[in-house]
2 protein chains.
Amino acid sequence: MPDIAVRIVLCEPTHPGNIGASARAMKTMGLSELVLVAPKLFPSADATARASGADDVLESAQIVATLAEAIDDCAYVVGASARLRSLDWPTMTPRVCAAELVARSRTDKVAIVFGPEHSGLDNEALARCQTLVNIPANPAYSSLNLAMAVQVLCYELRVAGIEPGDDDARLIEQRDAPLATSAELEGFHAHLEAVMLRSGFLNPDHPKLLKRRLRRLFNRACLDQTEVNILRGLLAAVERSVPEPSQDR
Amino acid sequence: MPDIAVRIVLCEPTHPGNIGASARAMKTMGLSELVLVAPKLFPSADATARASGADDVLESAQIVATLAEAIDDCAYVVGASARLRSLDWPTMTPRVCAAELVARSRTDKVAIVFGPEHSGLDNEALARCQTLVNIPANPAYSSLNLAMAVQVLCYELRVAGIEPGDDDARLIEQRDAPLATSAELEGFHAHLEAVMLRSGFLNPDHPKLLKRRLRRLFNRACLDQTEVNILRGLLAAVERSVPEPSQDR
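Remember, predicted model here, so these are calculated numbers, not experimental data. (Residues numbered from 1 in each chain as written. Chains lettered and ligands numbered in written order. Predicted model: local features only at pLDDT ≥ 70, side-chain atom pairs only at ≥ 80, totals over all residues. Heavy atoms only, no water.)

### Some details on the overall build of chain A
When its secondary structure is counted, chain A shows 10 helices and 7 strands. When burial is assessed residue by residue, chain A has 51% of its 249 residues classed as buried. Sequence separation of at least 24 residues holds for 84% of the intrachain contacts in chain A that already meet a minimum separation of 6. (Helix = DSSP H or I, 4+ residues; strand = E, 2+ residues; numbered from the N terminus. Buried < 20%, exposed > 50% of the residue type's maximum accessible area, 1.4 Å probe, protein only. Contact = heavy atoms within 4.5 Å.)

### Observations regarding the packing of aromatic side chains
Enumeration over the complete set of coordinates arrives at 3 aromatic pairs over all chains. What links up through ring pairs into an aromatic cluster is the set Phe188 and Phe218 of chain A together with Phe188 and Phe218 of chain B. Just above the ring of Tyr141 of chain B sits the side chain of Lys27 of chain A; from NZ or CZ to the centre is 4.7 Å. (Phe/Tyr/Trp six-rings, centres within 6.5 Å; stacked < 30°, edge-to-face > 60°. Lys NZ or Arg CZ within 6 Å of the ring centre and 35° of its normal.)

### Some points on the interface of chain B and chain A
Taken together, the contacts link 73 residues of chain B with 65 residues of chain A. Of the roughly 5800 Å² buried at the junction of chain B and chain A (both faces included), carbon and sulfur atoms supply 61%. Among the residues chain B hides against chain A, the three largest losses belong to Tyr141, Tyr155 and Arg220 of chain B. Together they make up 12% of the total. On inspection of chain B and its partner chain A, the count reaches 3 salt bridges. (Buried area = accessible area lost by both parts, 1.4 Å probe. Salt bridge = Lys/Arg side-chain N within 4 Å of Asp/Glu carboxyl O.)

### A look at the confidence of the model for chain A
For any part of a model where pLDDT is low, the fine detail of the predicted coordinates should not be relied upon. Considering every residue of chain A, the mean pLDDT works out to 87; 90% of them sit at 70 or more. This complex was scored by the predictor with a pTM of 0.81 and an ipTM of 0.78. (pLDDT = per-residue confidence, 0-100.)

### Some points on the environment of Thr93 of chain A
Within the element layout of this structure, Thr93 of chain A appears in the loop between β5 (91-92) and α5 (94-105). Residue class for Thr93 of chain A comes out partly exposed when judged on its relative accessible area of 34%.

### A word on the sheet that holds strand β1 (residues 6-11) of chain A
Residue and element names in this part refer to chain A. An order of β3-β2-β1-β6-β4-β7-β5 is seen for the 7 strands of this open sheet, with the pairing classed as parallel. A strand with exactly one partner marks an edge of an open sheet, and here the two such strands are β3 (62-64) and β5. Relative to strand β7 (residues 131-133), β5 runs parallel, the two sharing 2 bridges. Note that in β7 the partner of Met92 across the bridge is Val133. Across the sheet, helix α7 (residues 146-161) lies against β1, β4 (76-80), β6 (110-114) and β7, angled at about 155° from β6, the strand it touches most. (Pairing = 2+ DSSP bridges. Axes fitted to C-alpha atoms, helices over the stretch in contact; angles between N-to-C directions.)

### Overview of the pattern of salt bridges
Side-chain pairs of opposite charge can arise whenever the charged atoms involved come near each other. All names here are of chain A. Summed over the entire model, instances satisfying the criterion amount to 20 salt bridges over all chains. Of the charged contacts, one joins Arg128 and Asp72 as a salt bridge, the two residues approaching to 2.8 Å between their closest N and O atoms. With a gap of 56 residues between them, Arg128 in the loop between α6 (123-126) and β7 and Asp72 in the loop between α4 (67-71) and β4 connect regions that are remote in the sequence. Residue Arg128 is classed as partly exposed on the basis of its relative accessible area of 35%. Accessibility expressed as a relative area gives 52% for Asp72, which makes it exposed.

### As for the sheet that holds strand β3 (residues 62-64) of chain B
Residues and elements named next belong to chain B. Strand order in the open sheet made by the 7 strands is β3-β2-β1-β6-β4-β7-β5, with parallel pairing throughout. Sheet topology places β3 and β5 (91-92) at the edges, where each strand pairs with a single neighbour. The pairing of strand β4 (residues 76-80) with strand β7 (residues 131-133) spans 3 bridges and is parallel. Looking at the pairing, Gly79 lines up with Leu132 of β7. Contacting β1 (6-11), β4, β6 (110-114) and β7, helix α7 (residues 146-162) runs over the sheet at an angle of about 155° to β6.

### Description of the side chain of Glu227 of chain A
Looking at the secondary structure, you find Glu227 of chain A in helix α10 (residues 225-241). Given the relative accessible area of 1%, Glu227 of chain A is considered buried.

Here it is in C-alpha cells:
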C-alpha cells in the first residue's frame, strides 16, 4: 500500500521525547508528514533518541510558528481531543475518523492536529477543526501520552488504508498444505478408532460419546493433509508396537 | 464499562521506561493486570516516571522468573509478534484478537505476551501461544516500540469491550467444559512427546519440526479440559500397552 497522506500536526509540544516517539509511531504506520507548531525544544537529542529509525521523518519535519501555517492548505482538519468537549463539537471515534481521513486524502490535503501535552487544543485551534476525534479511554484515567495518541490514530489510519483484501488473509491461517478432504478425515477417524480399541481405551460397547467428542475436537482444528499424515503416522507407529488383543483374530 | 480482564505479560523487558509506559497505556484503556517476566531492571525511576499516574498498575505488577509462572493459569494466550512467522503460526489482526480476548475473558483467564524489545518472542514462548497477533505495520519500518504495541492492543481491547458485535466476526464456540489452562496443555504435550518417543514415531534427534506442527494443530483446536483428559487417557492407554524400548531404562 502507498504511504498514507495524512499530515500530523503537533501544536507546541513540550517534551522533545514525544516528538521523536511520534515520528517513530508515524513511520511504523506509513505516515511521513510531520509539522511542529512552535515546539518548545527542537531539535533535541531526546527527540532523536526516541525516533529510533524514524530520523528521516524527524529531519523532514516542518517547523512553523502558527497553526495557520501548518494547516492553511488543508481541506479537512481533525482535532485530537482527550476529553469530550462541552460545546458538542462533532466528535468521531478513531475508526470513523480514519476512514474519513483516508477517503478524503485521495483528493485533498488533510491533517490531524494535536494540542500541547498538558492542556490540549485551545479554543482558537479548535475553531479550525472541522471535527474532533476522541480516543475512548478509561474515564477514571484518560491521560494518554501524546505520542501514544499519535500511535493509536496512525494505527487506525493504516488499518483504514489497507485495501479490502490486502490483509484479509491474515484472519485465516496460512497453511503449507491443502486442507484435508472429508474422505481423508474419515480415514483418520477410522484409524484413530482402531488404535483406541486396540489399546483398550475405547469401550467397544459404548463408543459413541467419546468418538463424537474427538470428532468435534479435530473438526475444530481443521486438519490439513500434512497434519492428517502426521497423525496417521503416529497411529501406525503405535499400532505396530501395541500387541494385538488375542480376541481380535 | 468494567475493567478489561486481560493480563499483559512483558517477557524480559530491557528498558524500564517501556514498563512504565506500558502501565500507563494499560490504565488509560482500563486494564490493570501486568506481569513482568525477569525484567532486566525493575523497579526503576524511569519506569515510575513514564507510568505517570498509573503507578498503581506498576506497583501491583507481578514479577516472576519464567513465562510459565506468568501464564500457567491462563486458558488462552496470544503472542504479540512483530513479524509474520515462517511456520505460519495462526495470526490474527489486533481487531479480531481483541474481540476474541474480550469474549473469552468473560469465562477464562487470558493473556497477551510480549517478547523482549530487540528479539521478540523466542520459539519456546511461541510454543505456549495459541495464536499470534500482528499489528499491521509499514513493511519498510515495522519497528513499533514495545509500549506502543501495548497501547495499540489495549486500545483495541477497549474498543472491543465497548462495541461488542460490530467486529466480532469470530464465532465463539459453546463449550461444556472450561478451556484447558496453559499448564494443562504443557502436560498434554509432554505426555504426547513421551508416547511418540516410546512408539518410535518421533526421532529423538530431530524432534522440533514435528513437535511444532503438533502444537500448532492442537493450539488451533483450543482444547478444553475434558478433551485434554480424553487425549491423556488415550495416551496413557497406549503407554500401558506399548512395551518400553530397552534403551529407556
